[in-house]
Amino acid sequence: MTTAAQTPTPEPPVSKRLTRSSGDRVIAGVAGGFGRYVGVDPVVIRLALIVLVFFGGAGLVLYGAAWLIVPSDDKEGDGSFDGRDVARRTGIALGILALTIVAAAGGFWGFATGGGTATAIVVIVVGAALVIGAFTGGTRWLIVPALALALSAGAVAAADLDVRGGVGERIYRPATGNQLRSEYKLGIGHLRLDLRNTDFSPGTHRVHLKLGVGQAEVLVPDNVCVASTAHISAGQTSVFDHSTGGADHDWQDDRTAPEGTPVLNVDADIGFGELRIAEQPDLYAPGNEACNG
Amino acid sequence: MAERIDKPALVAGLLVAAFGVVLLLDAGGEVDLHFAALAPIAVFMAGAILLTLGLSRRD
């Protein structure tokens, strides 16, 4: 009787497959599976996806696509294609995505059209529904739409955004400084106050611009000294050749003028966008030569 | 029944409702919400919910 040498049989190579994790999942196990695949903590993947949600919704698109395409690890070995399961997941993903978009739009418009109190109450009610659902079960899907509703309303509240001034392009060309209105208002769009051919009398002229989203542009003649102040929730100020911006951005440019020179005081309140003061459209050049310096 | 509480939904609901109160105060002019406050609030809400999700899986 001979004994054959026992040679260890090499383990068959294990194919590393990208699958959704059934054991480490929040919604569909996409981040858990991808984190396991690349060797990164799934929390990092989730945070990255959340950040991407705020960049055009890329996080939602990526997550939804992965949910549809990547198989779950609890079905490994079953090579069958379950069309009904894919259809069900597609329906759920699209439903949550649609609800999230509607909620975000609702929060935005609710607050931006003056319904801040009603929108806030809706946010509280949705929060309460989540709390109640925590005890009855089955409402976890509501977390993302609820956050979208609350945070979009919060962004509008922080921006003091008011779109009731209308939407589109508004161009005003008053003939004289006395015809200048005290306030020009636009909800969303391009507000241009073209004063290049306006006849200004000596003295101080004041104008207030209120814009929700977009660009407020003031074109001024070179014989007028322009002083300006602005509050911009998020965006920038471009005054002649000077440009600055950011979130919760305040601008102040005090000027004095020689005796007999007209002074224009521009005060702007802008939600998201830009205040631009220049002598010509699309020209970022030094100006305000009429001022004392 | 206490064992069946969906903690992430509970935390998310409480945070959303609390944020709704802040929005209500802002709409009433009692507080003035700015981006400087909104950004950390948003990150806190997302972080708290993720943390609860992670911890709830360990239970």
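All residue numbers here refer to positions counted from 1 along the written sequence of the relevant chain. Chain labels run from A onward and ligand labels from 1 onward, assigned in the order the entries are written. Per-residue local features are limited, in this predicted model, to residues with pLDDT of at least 70; the limit for side-chain atom pairs, both in listing and counting, is 80 or more; totals at the level of whole chains, interfaces and linings are taken over all residues. The basis for the side-chain values is all heavy atoms of the structure; hydrogens and waters are excluded.

Enquirer: Now, about the interface of chain A and chain B: what can you tell me, with residues and values included?
Expert: Only heavy atoms enter the contact rule, under which two residues are in contact if any of them lie within 4.5 Å. In this assembly, 39 residues from chain A lie in contact with 31 residues from chain B. Note on definitions: buried area is the accessible-area loss of two parts on being combined, 1.4 Å probe, summed for both. When residues of chain A are sorted by the area they lose upon contact with chain B, A134(A), F135(A) and R140(A) head the list and together hold 18% of the total. In protein, a polar contact requires one atom able to donate a hydrogen and another able to accept it; more generally it is a pair of N or O atoms within 3.5 Å, and residues adjacent in sequence count only if both atoms are side-chain atoms. Inspection of the region where chain A meets chain B yields four residue pairs in polar contact (both at pLDDT 80 or more). Helix and strand assignments come from DSSP, with helices taken as H or I runs of at least 4 residues and strands as E runs of at least 2, each series counted from the N terminus. Mapped by element, the contributors of at least two residues to the side of chain A that touches chain B are α2 (42-53), α5 (116-136), α6 (143-159), β4 (225-239) and β5 (242-253) of chain A. Broken down by element, the side of chain A that touches chain B gets its largest block of residues, 12 residues, from α5(A).

Enquirer: Help me get a handle on the pairing of strand β2 (residues 183-194) of chain A, residues and values and all.
Expert: Here the rule is simple: two strands pair whenever DSSP picks up at least two bridges between them. Where strand β1 (residues 167-172) of chain A and β2(A) come together, six bridges link them in parallel fashion. Bridge pairing in β2(A) links Y172(A) to L193(A).

Enquirer: Can you break down the sheet that holds β1(A) residue by residue, with the values?
Expert: Residue and element names in this part refer to chain A. Pairing in this open sheet of six strands is mixed, and the strands run β1-β2-β3-β6-β4-β5 from one edge to the other. At either margin of the open sheet sits one strand with a lone partner, and together these are β1 and β5. Shown here is a sheet whose adjacent strand axes are inclined to one another by a mean of 15°, direction ignored. As defined by bridge partners, β2 adjoins strand β3 (residues 204-219) across 11 bridges and the pair is classed as parallel. Bridge pairing links L186 to L211 in β3. Convention adopted: a line fitted to C-alpha atoms gives each axis, helices being fitted over their contacting stretch, and angles between N-to-C directions are expressed from 0 to 180 degrees.

Enquirer: Account for the packing of aromatic side chains, with residues named and values stated.
Expert: Residues and elements named next belong to chain A. Pairs were defined over the aromatic rings of Phe, Tyr and Trp, the Trp ring being its six-membered one, requiring ring centres within 6.5 Å. Orientation was assigned from the angle between planes: stacked under 30 degrees, edge-to-face over 60, tilted for the rest. Applying the stated rule across the entire model yields four aromatic pairs over all chains. With centroids separated by 6.3 Å and ring planes inclined at 80°, the aromatic side chains of Y63 and W67 adopt a geometry described as edge-to-face. Separated by four residues within a single helix, Y63 and W67 lie in helix α3 (residues 58-69), roughly one turn from each other.

Enquirer: An account of the packing of α5(A) against helix α1 (residues 7-27) of chain B is needed here, citing residue identities and associated values.
Expert: Axis separation between α5(A) and α1(B) bottoms out at 7 Å; the angle between their running directions is 165°. In terms of orientation, α5(A) lies roughly antiparallel with respect to α1(B). When the axes of α5(A) and α1(B) are compared, the crossing they make is left-handed. Where α5(A) abuts α1(B), its residues G116(A), T117(A), A120(A), I121(A), V123(A), I124(A), G127(A), A128(A), L130(A), V131(A), A134(A) and F135(A) lie against A9(B), L10(B), A12(B), G13(B), L14(B), V16(B), A17(B), G20(B), V21(B), L23(B), L24(B) and A27(B). The nonpolar class holds Ala, Val, Leu, Ile, Met, Phe, Trp, Tyr, Cys and Pro. Asp, Glu, Lys and Arg form the charged class, and all remaining residues, Gly among them, are polar. Here the residues of the contact of α5(A) with α1(B) are counted per class, giving 19 nonpolar, five polar and no charged. Orientation labels follow simple angle bins: below 35 degrees gives roughly parallel, above 145 gives roughly antiparallel, 65 to 115 gives roughly perpendicular, and whatever is left gives oblique. Each crossing is labelled by how the near helix is turned from the far one, with a counterclockwise turn of less than a right angle marking it left-handed and a clockwise turn marking it right-handed.

Enquirer: How would you explain the state of the cysteines if you had to name every residue and give the values?
Expert: All names here are of chain A. Note on terminology: disulfide denotes any pair of cysteine sulfur atoms within 2.5 Å. According to the stated counting rule, one finds one disulfide over all chains in the structure shown. In this model C225 forms its disulfide with C291; the gap between the sulfur atoms is 1.9 Å. Here the disulfide of C225 and C291 is right-handed, its torsion about the S-S bond being about 105°. Residue C225 is found in strand β4, and its partner C291 is found in the segment after β6 (263-278); the two are separated by 66 residues along the sequence. Per residue, the accessibility class of C225 equals that of C291, and both read buried. Each residue is assigned to one of three classes by its accessible area relative to the maximum for its type, calculated with a 1.4 Å probe on protein chains only: buried under 20%, partly exposed between the two thresholds, exposed over 50%.

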